[in-house]
Amino acid sequence: MIPRQFLHPDPVGVSYLFGCGNEALRIEDEAAFIRFMLAEIPPAPPEAAALRAANSALAAAAA
């Protein structure tokens, strides 16, 4: 069975469904793509280091 969204009669709608409307996917230069993707990453929350440490300890204990 083919899901209804894949039978869309509008080719623009279908291309958007598959990511063609994504500005980042139209960037051909690798360095420009990386700059674009990293430009709006917010700073890590204050508790991020503690969470990473706790998760690392859990992963080490499980191994």
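1. Some points on the overall build of the protein chain
Thought 1: Looking only at helices and strands, one finds three helices and zero strands in the protein chain.
Thought 2: Across the protein chain, helices and strands are ordered from the amino to the carboxyl terminus as α-α-α.
Thought 3: Within the protein chain, buried positions represent 5% of all 63 residues.
Thought 4: Surface accessibility of the protein chain: about 5700 Å² in total, with carbon and sulfur atoms responsible for 65%.

2. Things to note about a nonpolar patch on the surface
Thought 1: Together, Phe-33, Ile-34, Phe-36, Met-37, Leu-38 and Ile-41 give the surface a local cluster of nonpolar side chains, amounting to about 550 Å² of exposed area.
Thought 2: As for its position among the elements, Phe-33 is in helix H2 (residues 30–38).

3. What to know about the confidence of the model for the protein chain
Thought 1: Mean pLDDT for the protein chain: 78, with 67% of residues reaching 70 or above.
Thought 2: Of all the helices and strands in the protein chain, helix H1 (residues 11–17) carries the lowest mean pLDDT, 56, while H2 carries the highest, 92.

Procedures and definitions
- Residues numbered from 1 in each chain as written.
- Predicted model: local features only at pLDDT ≥ 70, side-chain atom pairs only at ≥ 80, totals over all residues.
- Heavy atoms only, no water.
- Helix = DSSP H or I, 4+ residues; strand = E, 2+ residues; numbered from the N terminus.
- Buried < 20%, exposed > 50% of the residue type's maximum accessible area, 1.4 Å probe, protein only.
- Areas by Shrake-Rupley, 256 points an atom, 1.4 Å probe, with all protein chains shown as cover.
- Patch = residues over 30% accessible without salt bridge, like charges linked within 9 Å, V, L, I, M, F, W, Y side chains within 5 Å.
- Salt bridge = Lys/Arg side-chain N within 4 Å of Asp/Glu carboxyl O.
- pLDDT = per-residue confidence, 0-100.

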